[in-house]
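Residues per chain, in single letters:
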Amino acid sequence: MLLLDGFWPGLAGAGALGLVVGAVAGWPARPLVPLALCGLAALLAALALVGIVPGLPGLWLEGAGLILPPYLAGCALGALARHWVARP
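Residues numbered from 1 in each chain as written. Predicted model: local features only at pLDDT ≥ 70, side-chain atom pairs only at ≥ 80, totals over all residues. Heavy atoms only, no water.

Trainee: I'd like to hear about the state of the cysteines, residue by residue, with values.
Mentor: Here a disulfide denotes one covalent bond, and it connects the sulfur atoms of two cysteines. The tally for this structure, following the rule as stated, stands at 0 disulfides. Cysteine 38 carries a free sulfur, and the closest cysteine sulfur to it, the one in cysteine 75, is 10 Å from it. A relative accessible area of 17% means that cysteine 75 is categorised as buried. (Disulfide = S-S within 2.5 Å. Buried < 20%, exposed > 50% of the residue type's maximum accessible area, 1.4 Å probe, protein only.)

Trainee: Describe in detail the nonpolar core, supporting the description with residues and values.
Mentor: Formed by Ala41, Leu44, Leu61, Leu68 and Leu72, the largest nonpolar core amounts to 5 residues. Every element with two or more residues in this core is listed here: α2 (32-50) and α3 (55-85). The biggest single contributor to this core is α3, with 3 residues. Non-local contacts of leucine 44, meaning those with residues more than four positions away in its chain, are made with Leu61, Ala64, Gly65 and Leu68. (Core = buried A, V, L, I, M, F, W, Y, C linked by side-chain atoms within 4.5 Å. Helix = DSSP H or I, 4+ residues; strand = E, 2+ residues; numbered from the N terminus. Contact = heavy atoms within 4.5 Å.)

Structure follows, in structure tokens:
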């Protein structure tokens, strides 16, 4: 909970940035990059849960693991909004 308390501005910013990037870029032509990013998010979350990285690098890892999922969710929502608006 302490991480959420300290990182909430970053989480909100990552979600907003993801919405903008998703709305501008739209859906990717190939699903390899989104799948790789989801895999990276899962790997970061697993490393953060295990807690094998101590100190400041561990905080950076946990912060990245916490901020990447809202960014990816914002990208998906922005791409969906672009798809719904651009529909004929």
